[in-house]
Amino acid sequence: MVDISRLLSRRTGRMKASEIRELLKYASVPGVISFGGGLPNPETFPVDGLVEITEKVLRERGKSALQYGTTEGVDSLRDAIARRMRDKKGMDITKDNVIIMSGSQQALDLLGKLFLEPGKTAIVEAPTYLAALSAFRPYEGEIIGVEMDENGLKTDILEEKMKKFRNEGKFVPFIYTIPTFQNPSGVTMSLDRRKHLLEIAEDFGALVIEDDPYGELRYSGEDIPTLKSLDRDGRVIYFGTVSKILAPGLRTGWVIADKEIAWKFVIAKQATDLCTNTLSQHIIAEAFDSGLVDSHIPEIRKMYSHKRDLMLDMLEDKMPEGTTWTKPEGGMFLWVWTPEGVDTMKMFPKAIENGIAYVVGEAFYPDRSVKNAMRLNFTYSSDEEIKEGVGRLAKTIREFM
Ligand code: PMP
Ligand code: G9A
């Protein structure tokens, strides 16, 4: 065996297996109900529609659909996305602002590659998307979380922190947010906070990253304008994906940015994978253009909104005194605060013993400082599993208290 420890780069020391991916193992352990993984419900995948489209694409455009493509992405897909972002998200953009990614996860990695290094500080929400932390960490900047409440990122606290950082000589290239139906909390940032966030970013010369995989999955309440639609000077970089409105296996997402920034993403992407899966891109372009995606999203909303309501009802019914949770208007997750002193990491073995899995809250904080919280996914489990699983979770918390 070669001893590779001396051979590895310094950055590998900052790489860590995703706790969510590790948890996916429990999704297949017989008898364990998992609210852990952030998986779409496979019943929502429009398999028949995609069979038809794939055959059409291969027959009509097989030679180009199986060839390498440009790094920026397949033109028909960039066009379809630009149109969609203009119509549904109020963005003033063209195809030239759209760069196709191998999932928005790739955009997160390239973001770190482009903007982080020792001496730079990324601001994230606390809690934030776990795999964004995994993407940023190897690039050796500092990552600092700013707390949230039921209206999203607390921008007054952000402003104070930014002032303090400026006095300390800390340099903040970007503020990363998931403003709509956040992963992990399910919370949506209010319009006032969105405007305030953009003002702060402008004052301090930082970019704003709007990661929006869930925006089209609204079950109640009113749409709030995207940060990108409120952007006046090209400060917002928007990340989108088909993972939650079509299928994650297609591994396709996009970056919307001003042309200069978009070009930086292109160069960084070239070194990573040259281009995103060309066949997937042709299939997705067709799925947008033929109306498959639009006819299909209401079905996803219907199923998930029912599951959200069911989980909320069950929590109301079963949870012990002192436990609270968010009530998301969309997305795939909700966030549970366990009573003070109930450390969900320490409780985890008991949960598995009782046949229920969740993601421990501390994994979503850059400093792992919060112990009495967990994330629950409500989209993957069957209705029966949701009913039974919340009961098991409540029993686990009671026993652990
Ligand atoms: N950002 C957030 C906030 C997510 O929740 C996810 C997926 N769970 C991603 C990015 C990655 O999505 P994709 O499948 O497009 O890589
Ligand atoms: O790792 C995955 O499969 C994507 C899930 C993301 C999440 O659970 O937040």
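Model, not experiment: these values are computed from the prediction.

**Q** Now, about the domain arrangement of the protein chain: what can you tell me, with residues and values included?
**A** One can read the domain layout of the protein chain as domain 1 (10-45 + 297-400) and domain 2 (49-293). One C-alpha centre belongs to domain 1, the other to domain 2; they are set 25 Å apart. Contacts between the two partners involve 31 residues from domain 1 and, on the opposite side, 34 residues from domain 2. Approximately 3000 Å² of surface area, both sides summed, lies buried where domain 1 meets domain 2, with 62% of it carried by carbon and sulfur atoms. Sorting the residues of domain 1 by area buried against domain 2 places R14, I297 and E329 first, and these three jointly supply 23% of that buried surface. Taken together, the links from domain 1 to domain 2 amount to two salt bridges. We note a salt bridge from R10 to E140, for which the minimum N-O separation is 2.8 Å. For the interface between domain 1 and domain 2, the tally reads 14 residue pairs in polar contact (both at pLDDT 80 or more). The element best represented in the side of domain 1 that touches domain 2 is helix α11 (residues 292-318), accounting for six residues. Residue composition of the side of domain 1 that touches domain 2, by class: 17 nonpolar, six polar and eight charged.

**Q** Which residues make up the packing of helix α6 (residues 155-168) against helix α7 (residues 191-204), and what values go with them?
**A** Here α6 crosses α7 at 10°, and the two axes come no closer than 10 Å. Considered as vectors, α6 and α7 are oriented roughly parallel to each other. Of α7, the residues touching α6 (which contributes T155, D156, L158, E159, M162, K163 and R166) are R193, H196, L197, I200, D203 and F204. By residue class, the composition of the contact of α6 with α7 is five nonpolar, two polar and six charged.

**Q** Can you explain the sheet that holds strand β7 (residues 207-211)? Please cite residues and give values.
**A** The strands that make up a sheet pair up through hydrogen bonds in the backbone, lying either parallel or antiparallel. Taken in spatial order, the eight strands make up an open sheet running β2-β9-β8-β7-β6-β3-β4-β5, and their pairing is mixed. Across the chains shown, the open sheet's two edge strands, defined by having one partner strand only, are β2 (98-101) and β5 (152-153). The pairing of β2 with strand β9 (residues 253-256) spans four bridges and is antiparallel. Each bridged residue has a counterpart across the sheet, and for I99 the counterpart in β9 is V255. Strands β2, β8 (236-241) and β9 of the sheet are contacted by helix α3 (residues 75-89), whose axis makes an angle of about 115° with β2. Docked against the sheet, α7 engages β4 (142-149), β5, β6 (174-177), β7 and β8, running at close to 145° with respect to β7.

**Q** Outline the environment of K395, listing residues and values.
**A** Tracing the chain through its elements places K395 in helix α13 (residues 383-400). Sequence separation between K395 and V266 is 129 residues, and the spatial gap between their C-alpha atoms is 50 Å.

Here is what the cut-offs are and how they apply
- Residues numbered from 1 in each chain as written.
- Chains lettered and ligands numbered in written order.
- Predicted model: local features only at pLDDT ≥ 70, side-chain atom pairs only at ≥ 80, totals over all residues.
- Heavy atoms only, no water.
- Domains from an automatic or database assignment.
- Contact = heavy atoms within 4.5 Å.
- Buried area = accessible area lost by both parts, 1.4 Å probe.
- Salt bridge = Lys/Arg side-chain N within 4 Å of Asp/Glu carboxyl O.
- Polar contact = N/O pair within 3.5 Å; in protein donor to acceptor, adjacent residues only side chain to side chain.
- Helix = DSSP H or I, 4+ residues; strand = E, 2+ residues; numbered from the N terminus.
- Nonpolar A, V, L, I, M, F, W, Y, C, P; charged D, E, K, R; others polar.
- Axes fitted to C-alpha atoms, helices over the stretch in contact; angles between N-to-C directions.
- Parallel < 35°, antiparallel > 145°, perpendicular 65-115°, else oblique.
- Pairing = 2+ DSSP bridges.

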